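# Descriptive analysis of the structure
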Amino acid sequence: MRILGIESSCDETGIAIYDSERGLEAHTLYSQIELHLEYGGVVPELASRDHVRKTVPLIKQLLAESGLTLADLDGIAYTAGPGLIGALLVGAGIGRSLAWSLGIPAVAVHHMEGHLLAPMLEAEAPAFPFVALLASGGHTMLVQVEGIGQYQLLGETVDDAAGEAFDKTAKLLGLGYPGGPAIAKIAEQGTPGRFRFPRPMTNRPGLEFSFSGLKTFAVNTLAESAGDDQSKADIALAFEVAVAETMAIKCRRALEQTGLKRLVLAGGVSANRRLRQRLAVLAAERGAKLYYPRAEFCTDNGAMIAYAGCARLMAGQSEGLVIQARARWPLEQLSAVT
Amino acid sequence: MNILAIETSTEACSAALLVNGEIKERFETAPRGHGDLILQMVDGLLADAGLKPQQLSVIAFGRGPGAFTGVRIATSVVQGIALGAGLPVVAVSTLAALAQGGYRQHQYPMMLCAMDARMAEIYWGTYRIESGLAVVQGQECVCPAASAPAVSGDGWQGIGSGWNVYGEQLAEHYGAQVSLCDPAALPRAWDVALLAERDYRNGMAVSAELALPVYLRDNVVSRS
């Protein structure tokens, strides 16, 4: 079964073609980062306007490059939430209507399920069950994954998402958007041990996260420092270490609690190298194995949507003749694919 | 010629199918229900006519102005169908559709079209009927009702929700130049189809990716 995947939940238009027999056949991504840069964050209306310009040209381009035609497709998958409602509706509108005109089924995919399953696109894919840490600009959660659609939320952030904390701290340090890569870059010049940031919510049991306090701590630390480049690099390093260490503590607890030996790292923040290294150490200590997608599939992409959609379409699930998107959509509401 | 038209830029949601000069339309007022309705309307119209999407000549849509999300629903549906069925697209102004409806229902010959644009503004267009079809006079714009463009002469008709929400300002602004008014009128796919037939004959169809909204309001964000 060959599926076209469309991702448009935020500021990236991702298109991909996944085949259940041949694997990932093609993918492309258009990022709107430049468009939102001057506003220091994603402007929803501008994002929607850009998706409506880019989606069809990207589909045409991808088909041409891969030597495929629309007639070669067996289904269309598109992100239907959670995310920016206006942006989601563009992908859903184009995807659902395209499927209707081709007379093939369509399926509405949960964005976070896409991220959870992104490591499945790699040669060395994790088997079920596993524990997943999903960390992005909009979400931070630990999920026990028994199978596709069988998700148990173990814990999530009570305030800012990890990626959001990176963005806010980067802005504070006068760095660009998105904050993750910017902080990681200057942290390389940081002095280890000069500052020590708290590890929020680790001194009590539970798998909840909180990151808003780190931003406040960064504000105060910067105010008390000379505010020079070295101090900023030191703050960036201390912040990054605190996030990685906090996540490692929570992941260790999740592995202990579930007794599982596979840990999956997904979402945009999973591209952070310090976090990957820290979790690799944790996995080694616990005799567990760490999995994460290649860098380009850590952030939003069409490939993960095509993959998740393919699994659901092959299980006979499909969307009715409606164009629906949801800004909020609890992961646990998804139906299991058996 | 077979034309499919859709219009979702206001609280109304409609689809129309023009086959050999005869139009069938589905119309519902359904705020926020457009996504649930529009493909069902389209599917039902084609099924009733025994047509497949590939048997259409062209697909048309209300390109705006109007509610941003609504305009993009029509745009994305049209892009998806046009891409899948290999059809050309005609983009029709929602203000033109409003004017065409004013002629069809009230025989209004010269109209001042105003749709509520929120933020104390209206979407504005001046239209005359020529050979039974709406033709824009000058440029459409978004502006406060009190500074809507001046027109010359008398006997104009007002149409659209702008005449409801800003009726007093517009009445004061144009005075005796406006004789009749239909503030309850909404743009409909029926009229989009009529105008698309003309525009298609005039070679104004484009491919799927060039079927884009016209928002009129483009300063949607303030720099921080």
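Residues numbered from 1 in each chain as written. Chains lettered and ligands numbered in written order. Predicted model: local features only at pLDDT ≥ 70, side-chain atom pairs only at ≥ 80, totals over all residues. Heavy atoms only, no water.

Look at helix α2 (residues 68–85) of chain B: 26 Å from first C-alpha to last across 18 residues, which is about the 26 Å you get at 1.5 Å a residue. With 17 of 18 residues buried, α2 of chain B lies mostly within the body of the structure. (Helix = DSSP H or I, 4+ residues; strand = E, 2+ residues; numbered from the N terminus. Expected span 1.5 Å × (residues − 1). Buried < 20%, exposed > 50% of the residue type's maximum accessible area, 1.4 Å probe, protein only.)

Our focus in this paragraph is the sheet that holds strand β5 (residues 89–92) of chain B. Pairing between the strands of a sheet is mediated by backbone hydrogen bonds and can be parallel or antiparallel. All names here are of chain B. Strand order in the open sheet made by the five strands is β3-β2-β1-β4-β5, with mixed pairing throughout. Looking along the sheet, the strands with just one partner apiece sit at the ends: β3 (22–29) and β5. Going across the sheet, the axis of each strand differs from the next one's by a mean of 15°, ignoring polarity. Taken together, the six bridges between strand β1 (residues 2–7) and strand β2 (residues 12–19) define a ladder with antiparallel strand orientation. Pairing of E7 across the sheet is with S14, part of β2. Taken strand by strand, helix α6 (residues 189–201) contacts β1, β2, β3, β4 (58–62) and β5, and its axis lies near 130° from that of β1. (Pairing = 2+ DSSP bridges. Axes fitted to C-alpha atoms, helices over the stretch in contact; angles between N-to-C directions. Contact = heavy atoms within 4.5 Å.)

What follows covers the interface of chain B and chain A. Contact with chain B, which involves 36 residues of that partner, is made by 28 residues of chain A. Between chain B and chain A, a total of about 2,800 Å² is buried, with carbon and sulfur atoms accounting for 66% of that surface. Contact with chain A buries area across many residues of chain B, yet L39, R72 and L83 of chain B alone supply 23% of it, more than any other trio. Joining chain B to chain A, the criterion identifies three salt bridges. (Buried area = accessible area lost by both parts, 1.4 Å probe. Salt bridge = Lys/Arg side-chain N within 4 Å of Asp/Glu carboxyl O.)

A few words on the environment of I81 of chain B. Note that I81 of chain B resides in helix α2. Separated by 138 residues in sequence, I81 of chain B and N219 of chain B have C-alpha atoms that sit 30 Å apart. In this structure, I81 of chain B is in contact with S97, L98, W100 and S101 of chain A together with L4, L39, V42, I59, G86 and L87 of chain B, ignoring residues within four places of it in sequence.

Residues and elements named next belong to chain B. Looking at the assigned domains, one finds that chain B contains domain 1 (2–93 + 187–222) and domain 2 (95–182). Relative to domain 2, the C-alpha centre of domain 1 lies at a distance of 22 Å. Each partner contributes residues to the interface: domain 1 has 17 residues there, and domain 2 has 20 residues. Taken together, the two surfaces of domain 1 and domain 2 that pack against each other cover about 1,600 Å², and 59% of this comes from carbon and sulfur. (Domains from an automatic or database assignment.)

Let us look at the sheet that holds strand β7 (residues 140–147) of chain A. Residue and element names in this part refer to chain A. The five strands lie next to each other as β8-β7-β6-β9-β10, forming an open sheet whose pairing is mixed. Two strands close off the open sheet at either side, each with one partner strand: β8 (150–156) and β10 (289–291). Direction aside, neighbouring strands of the sheet carry axes that sit 25° apart on average. Pairing between strand β6 (residues 130–135) and β7: six bridges, direction antiparallel. Bridge assignment links L133 to a residue of β7, and that residue is L142.

This model, assessed by the stated rule, comprises eight aromatic pairs over all chains. Taken together, a centroid distance of 5.0 Å and an interplanar angle of 90° make the contact between F166 of chain A and F239 of chain A edge-to-face. Of this pair, F166 of chain A sits in helix α5 (residues 162–172) while F239 of chain A sits in helix α8 (residues 229–258), and the two are 73 residues apart along the sequence. As far as burial versus exposure is concerned, F166 of chain A and F239 of chain A are alike and both buried. Members of the aromatic cluster, joined through ring pairs, are W124, W163 and Y174 of chain B. In this structure, R49 of chain A packs its charged tip against the face of F68 of chain B, placed 4.6 Å from the ring centre. Over the ring of Y291 of chain A we find K289 of chain A; its NZ or CZ atom is 5.4 Å from the centre of that ring. (Phe/Tyr/Trp six-rings, centres within 6.5 Å; stacked < 30°, edge-to-face > 60°. Lys NZ or Arg CZ within 6 Å of the ring centre and 35° of its normal.)

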